[in-house]
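Secondary and tertiary structure notes
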Amino acid sequence: MQFIETRGNESGFLEKVNFSEAILSPIASFGGLYVPEHFPTLDSDFLNEYKNRSYKELAFALLKKFEIDIDDTDLLTALDRYDAYDDTNNPVPLSKIEEDLYVCELWHGPTRAFKDMALQPFGSVLSALAKRKEENYLILAATSGDTGPAALATFADQPFIKVACLYPNGGTSDVQRLQMTTMEGENLNVIGINGSFDDARDRKSVV
């Protein structure tokens, strides 16, 4: 499946890319993003087959529906990152609040940030891509508190990946700051800046 731009096309950008290209260069024309060209149909047979399967099995089946250009072995290895959650078999539990009302708990990952859900497999996928392409990647991240620990956790000691993570000094919680500054990983660099989160995101401020 191809991924298309959300805001039209301008010179220098591809109108359509495959999945690996989209995650390596996610910014499309006019500051837009790349999104799936179409959404696959999930019929009743699919829903019945996977309604009682594990989260990892369901995630793998959904990703296969999008026909992304990532090897099955690499996908399965990436999804194994959910084994580090509180409950390997149920990383995203539903808790009953009252009759017919449930809440989906997204905080059972290694950093307790909801962003672990998306980011935990991502480091493994990106490292596998770098190996396949014989490239090295530098991840430059800016965080106001949640993204930083989750990104550092997924990329820690991943081959072919280095990370520089900027955060506003004094602008995060103590827990988040300690999560980042004590994260183990030879390929990680965490930098507190004198400024706001917007300053951390501004490329002109860090060049």
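Going by the structure above, here's the rest.
In what follows, the accompanying structure is described. Owing to the predicted nature of the structure, the values given are computational and were not obtained by experimental measurement.

With respect to the nonpolar core
Within the largest apolar cluster, 35 residues are counted, with the highest numbers of intra-cluster contacts made by Phe3, Ile68, Ile70, Leu126 and Val163. Taken together, the elements giving at least two residues each to this core come down to α1 (19–24), α3 (55–65), α4 (72–79), α5 (116–133), β6 (137–142), α6 (147–155) and β7 (161–168). The element that contributes the greatest number of residues to this core is α5, accounting for five residues.

As for the environment of Gly109
In this structure, Gly109 sits in the loop between β5 (101–104) and α5. In sequence terms Gly109 and Phe3 are 106 residues apart; their C-alpha atoms lie 29 Å from each other. When near neighbours in sequence (up to four residues on either side) are disregarded, Gly109 contacts Tyr85 and Asp116.

Some points on unusual backbone geometry
In this structure, Glu67 is a non-glycine residue whose phi angle is positive, near 55°. Within the fold, Glu67 resides in the loop between α3 and α4. We classify Glu67 as exposed; its relative accessible area is 56%. In this model, Arg112 sits at a positive phi of 70°, which is unusual for a non-glycine residue. Along the chain, the position of Arg112 falls in the loop between β5 and α5.

What about the sheet that holds β7?
Strands sit in the order β6-β7-β8 across an open sheet of three strands; the sheet is parallel. Every other strand in the sheet has two partners, leaving β6 and β8 (188–193) as the edge strands with one partner each. Averaged over all neighbouring strand pairs, the angle between strand axes comes to 15°, with direction disregarded. Packing of α5 onto the sheet brings it into contact with β6 and β7, and relative to β6 it is tilted by some 150°. Its contacts with the sheet put helix α7 (residues 174–181) on β7 and β8, and the angle it makes with β7 is roughly 155°.

Remarks on the sheet that holds strand β2 (residues 16–17)
Picture the strands of a sheet paired through backbone hydrogen bonds; they go either parallel or antiparallel. As summarised here, the arrangement of the three strands in space is β2-β1-β3, forming an open sheet in which the pairing is antiparallel. The open sheet is flanked by β2 and β3 (34–36), the only strands paired with a single partner.

Quick notes on the pattern of salt bridges
The tally for this structure, following the rule as stated, stands at nine salt bridges. One salt bridge connects Glu37 with Lys16, and the closest N-O pair in it is separated by 2.7 Å. A residue pair is termed long-range when its members are at least 10 positions apart, and Glu37 in the loop between β3 and α2 (44–50) and Lys16 in strand β2 qualify at 21 residues. Among the salt bridges present, the one from Arg53 reaches Glu57, with a minimum N-O distance of 3.4 Å. In this structure, a network of salt bridges that share partners links the residues Glu49, Arg53 and Glu57.

The rules we used
Residues numbered from 1 in each chain as written. Predicted model: local features only at pLDDT ≥ 70, side-chain atom pairs only at ≥ 80, totals over all residues. Heavy atoms only, no water. Core = buried A, V, L, I, M, F, W, Y, C linked by side-chain atoms within 4.5 Å. Buried < 20%, exposed > 50% of the residue type's maximum accessible area, 1.4 Å probe, protein only. Helix = DSSP H or I, 4+ residues; strand = E, 2+ residues; numbered from the N terminus. Contact = heavy atoms within 4.5 Å. Pairing = 2+ DSSP bridges. Axes fitted to C-alpha atoms, helices over the stretch in contact; angles between N-to-C directions. Salt bridge = Lys/Arg side-chain N within 4 Å of Asp/Glu carboxyl O.

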